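# Architecture and fold: a report
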Amino acid sequence: MSNPRPTLTLTLRRTGGTSLQNFLAQVSPFRTVEHEPFNPGRLWGHVVKKFQEDKDLSALEASIDSLLQQKVNIKHCIEVPPPQVTKTLIKCAKKHGYFFIVLTRSNSIRRLRSLFLAFSTGAWGPEQEAERYPAILSGEIVPVPIDLDMVRRQYWSDQLVLGRVIAQLRYQQIDYEWLVFEEVYQGEEPVSVHAKKLATQIGMDVSAEGAKLDKLTERGKQSSFQIEGFIPNYDAMMQVLQEICID
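This report concerns the structure included in the present document. (Residues numbered from 1 in each chain as written. Predicted model: local features only at pLDDT ≥ 70, side-chain atom pairs only at ≥ 80, totals over all residues. Heavy atoms only, no water.)

It is worth spelling out the sheet that holds strand 3 (residues 99-104) at this point. Strand-to-strand pairing in sheets goes through backbone hydrogen bonds, with the strands running parallel or antiparallel. One open sheet holds the four strands; their spatial order is 2-1-3-4, and the pairing between them is parallel. For this open sheet the edge positions go to strand 2 (74-77) and strand 4 (176-180), each flanked by a neighbour on one side alone. In this sheet, adjacent strand axes meet at a mean angle of 20 degrees when their direction is disregarded. The sheet contacts of helix 4 (residues 83-95) involve strand 1 (7-11), strand 2 and strand 3, and relative to strand 1 the element is tilted by about 155 degrees. (Pairing = 2+ DSSP bridges. Helix = DSSP H or I, 4+ residues; strand = E, 2+ residues; numbered from the N terminus. Axes fitted to C-alpha atoms, helices over the stretch in contact; angles between N-to-C directions. Contact = heavy atoms within 4.5 Å.)

Structure representation (structure tokens):
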């Protein structure tokens, strides 16, 4: 192992970052903190809440700088906290020598479909799906209709936020590894090849850790197809997505 670095993964919700973080948690010598720690109610959500109350950028930077001194692996969803939080996080991560990963999906329709099904059903992870989906199928739980205007706003807002983050990385001359979900999981090369390459870039030797490389392949099972017909305006949502998504 030669000079490994902690990682900051910048992504959007429902992009497939869970398996990436599980992989990093297995092979990295650094601790991996709770996913999306700056989200409301999460590990460092109090830092964001305080900034929203006092608007003190200096205090925000001091708080994030102190947290990153712990040298931990972080997955951060860029569209959730205020943009100043992400901007400061990137600045502090560069200062502390983090390795940057930008994780995106080329298929925005599938990503946003997953996001708004979660909004509608209240099921955000496998455990909640296992609990809520049978109740939806039995009629015990009725999913709420999807706000179609919110679908439109979300798509364009996500594009703006992602573009702003990429611009900041380039302006600050920060090197980053751009991973595209479909290229990793549906490309010509096996997932293990991507895993070994990424580990090497971060400064880790995983040549003898085949079992840990498999962690990158552990994706959640897609079971949402079974409840599509129970979403009041699912077809209308899909039509909106097909109209607005440019990829």
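Right, let's get into the packing of helix 3 (residues 57-68) against helix 4. In the contact formed by helix 3 and helix 4, the axes pass within 9 Å of each other and the chain directions differ by 45 degrees. In terms of orientation, helix 3 lies oblique with respect to helix 4. Here helix 3 runs over helix 4; the crossing is right-handed. On helix 4, the residues touching Leu57, Leu60, Glu61, Ile64, Asp65 and Leu68 of helix 3 are Gln84, Val85, Thr88, Leu89, Lys91, Cys92, Ala93 and Lys95. (Parallel < 35°, antiparallel > 145°, perpendicular 65-115°, else oblique. Left-handed = near helix turned anticlockwise from the far one by under 90°.)

Before going further, it helps to spend a moment on the nonpolar core. If you look at the biggest cluster of nonpolar residues, it comprises 30 residues, and the most contacted ones within it are Ile64, Leu68 and Phe100. Of all the secondary structure elements, the ones that give two or more residues to this core are strand 1, helix 2 (45-54), helix 3, helix 4, strand 3 and helix 7 (148-171). Apart from residues lying up to four places away in sequence, Ile64 is in contact with Phe38, Val47, Val85, Thr88, Leu89 and Cys92. Core analysis: the next-biggest nonpolar cluster, separate from the first, contains 20 residues, Leu115, Ile136, Tyr155 and Val240 among them. (Core = buried A, V, L, I, M, F, W, Y, C linked by side-chain atoms within 4.5 Å. Buried < 20%, exposed > 50% of the residue type's maximum accessible area, 1.4 Å probe, protein only.)

The subject of this paragraph is the pattern of salt bridges. A complete count under the given rule lists eleven salt bridges for this structure. Residue Glu36 pairs with Lys75 through a salt bridge whose shortest N-O separation is 3.2 Å. Here the residue Glu36 occupies a position in the loop between helix 1 (17-27) and helix 2, and Lys75 occupies one in strand 2, the gap between them amounting to 39 residues. Residue Glu36 is classed as buried on the basis of its relative accessible area, which comes to 11%. In this structure, Lys95 engages Asp65 in a salt bridge whose closest nitrogen and oxygen atoms are separated by 3.0 Å. (Salt bridge = Lys/Arg side-chain N within 4 Å of Asp/Glu carboxyl O.)

On to helix 2, then. For helix 2, the set of buried residues is Gly45, Val47, Val48 and Phe51. Considered in projection along helix 2, the buried side chains sweep an arc of 160 degrees and stay on one side of the axis. The outward face of helix 2, more than 90 degrees from its buried face, is lined by the exposed residues His46, Lys49 and Glu53. Looking at the packing, one finds that the buried side of helix 2 touches helix 3 and helix 4. Immediately beyond the C-terminal end of helix 2, within one or two residues, lies Lys55, with a positive phi of roughly 60 degrees. (Arc of directions from axis to C-beta.)

By the element assignment, Val33 lies in the loop between helix 1 and helix 2. Its relative accessible area of 4% is what places Val33 among the buried residues. Considering only alpha carbons, one finds Val33 and Leu137, 104 residues apart in sequence, at a separation of 35 Å. Non-local contacts of Val33, meaning those with residues more than four positions away in its chain, are made with Leu43, Trp44, Val72, Asn73 and Ile74.

Once that is clear, we can look at the side chain of Arg13. Inspection of the secondary structure puts Arg13 in the loop between strand 1 and helix 1. For Arg13, the side chain forms a polar contact with the side chain of Glu79, separated by 2.9 Å. Not counting chain neighbours up to four residues away, the residues in contact with Arg13 comprise Glu36, Cys77, Glu79, Val80, Arg111, Leu115, Phe119, Trp124 and Gln154. (Polar contact = N/O pair within 3.5 Å; in protein donor to acceptor, adjacent residues only side chain to side chain.)

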